[in-house]
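# An overview of the molecular structure
Chain residues, written in single-letter form:
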Amino acid sequence: MRALQQTSLHGPADLRLVDIARPTPGPGEILVRVSAAGINFADVMQTYGTYVDGPTAPYVAGFEAAGEVVALGPGVTAFAVGEQVLGLGPGAFAEYLVLPAAAAMPLPRGWSGEQSLGLMLNWATALAALRLGRVATGETVLVQAAAGGVGQAAVRLARHFGATVLATASPAKHQLVRTAGAHEVFATVPDRRIDVILESVGGPDFARSLAAARPITGRVIVYGVAGGDATVTNRALNFRPVQLIGLHLGVLMAEAPDLFAELLDELTALIAAGVIPPGTPTMYALADGPAALAALASRSTVGKLALRP
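Presented here is an overview of the structure given in this document. (Residues numbered from 1 in each chain as written. Predicted model: local features only at pLDDT ≥ 70, side-chain atom pairs only at ≥ 80, totals over all residues. Heavy atoms only, no water.)

## Side note on the pairing of strand 10 (residues 164-168)
Where burial is concerned, most of strand 10 is hidden: 4 out of the 5 residues are buried. Of the pairings in the sheet, the one linking strand 9 (residues 140-143) to strand 10 comprises 4 bridges and is parallel in character. By the bridge assignment for strand 10, valine 143 is matched with alanine 167. In this fold, the crossover linking strand 9 to strand 10 by way of helix 4 (residues 149-160) has right-handed handedness. Where strand 10 and strand 11 (residues 184-186) come together, 3 bridges link them in parallel fashion. Among the inter-strand pairings, threonine 168 is bridged to a residue of strand 11, identified as phenylalanine 186. The parallel pair strand 10 and strand 11, bridged by helix 5 (residues 174-180), forms a crossover whose chirality is right-handed. (Buried < 20%, exposed > 50% of the residue type's maximum accessible area, 1.4 Å probe, protein only. Helix = DSSP H or I, 4+ residues; strand = E, 2+ residues; numbered from the N terminus. Pairing = 2+ DSSP bridges. Right-handed = clockwise from strand over helix to strand, strands pointing away.)

Below, the structure written as structure tokens:
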């Protein structure tokens, strides 16, 4: 099968299209013929070796894909051959992918694989961040990097939950973020008192987020490091107290599977209610994966990017 293999830890330019053996599902796993694979900033980080506990080169890149189940591993009863699914697992930038059955879900009725990309990652991350942040009607929410896949999802959900939604994005993307539902859009963290901050940027913006969070009751949910590392001290939290909460969807799936299942159930209800629309990712051919990841790394893209094997 064709696959995109990362051959170094020097960035997406070293992704190579290779021909490798088709994988075989083991116990509790399913084999999926990939119709579309989602691209995420974590993929970029992995190509540089900056993703914590990330793969060592060479490896088949990607970890989000949709497609048709073509084989079942021993013990799998939740899915059937021929079923269309979306799931998370390493090696997604390929024609075939082995997924843990527990990390897959059926496609929403009437949705294609391309339209479903992002549900288990972007939308689930946004929903988890808002739920961990205990967002309430009438509160103010700030969504960092709001033009990206998670950011746009978070803006839409926060607006649906009755929050006043502030957002940050580069000026060229402000109208897109307003269309997603933000009440106000800024180039950087505004000087406001904010109840919940969804922090995916890090770097210098991290200190700005902590400063903007409402003392004592303000919640900062950290789920990304796109702008680099940032630090906070016990002294800072003692004398400028806010509630700081970390979020990584993979850890949530592993350590709190019941909570992850609840998130998927809520996503399904939000889809049925029309709150979550089908996605419209920007599609690239598999061979163009290096260019797609480079574009994402340059911050020149908006919304979801995906590969079509």
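## With respect to the pairing of strand 16 (residues 305-308)
Here strand 3 (residues 29-39) runs beside strand 16; their pairing, made up of 3 bridges, is antiparallel. Its bridge partner being in strand 16, isoleucine 39 is matched across the sheet by leucine 305. Pairing analysis gives 4 bridges linking strand 15 (residues 282-285) to strand 16, with the strands arranged parallel. Bridged to threonine 282 within strand 16 is leucine 305. Chirality of the crossover, the property in question, places the unit of strand 15, helix 10 (residues 289-297) and strand 16 among those that are right-handed.

## As for the packing of helix 3 (residues 119-132) against helix 9 (residues 257-272)
Running from amino to carboxyl end, helix 3 crosses helix 9 at an angle of 105°, the nearest separation of the two axes being 10 Å. Relative to helix 9, the element helix 3 lies roughly perpendicular. For the pair helix 3 and helix 9, contact is made by Leu119, Met120, Trp123, Ala124, Leu127, Ala128 and Arg131 and by Phe260, Leu263, Leu264, Glu266, Leu267, Leu270 and Ile271, respectively. Here the residues of the contact of helix 3 with helix 9 sort into 12 nonpolar, no polar and 2 charged. (Axes fitted to C-alpha atoms, helices over the stretch in contact; angles between N-to-C directions. Parallel < 35°, antiparallel > 145°, perpendicular 65-115°, else oblique. Contact = heavy atoms within 4.5 Å. Nonpolar A, V, L, I, M, F, W, Y, C, P; charged D, E, K, R; others polar.)

## What about the nonpolar core?
The biggest cluster of nonpolar side chains holds 57 residues, and the ones touching the most others in it are Val141, Val155, Leu157, Val177 and Leu198. Of all the elements, helix 3 adds the most residues to this core, at 10 residues. The contact partners of valine 155, leaving out residues within four places of it in the chain, are Val143, Ala146, Val165, Ala167, Val177, Ala180, Gly181 and Ala182. Of all hydrophobic cores here, the second largest spans 27 residues; its members include Leu15, Ile39, Phe79 and Leu97. (Core = buried A, V, L, I, M, F, W, Y, C linked by side-chain atoms within 4.5 Å.)

## Side note on the environment of alanine 154
Within the secondary structure, alanine 154 sits in helix 4. Accessibility expressed as a relative area gives 0% for alanine 154, which makes it buried. When the C-alpha atoms of alanine 154 and valine 143 are compared, they prove to be 6.9 Å apart, with 11 residues separating the residues in sequence. With sequence-adjacent residues up to four places away left out, alanine 154 is seen in contact with Ala126, Leu130, Val143 and Leu198.

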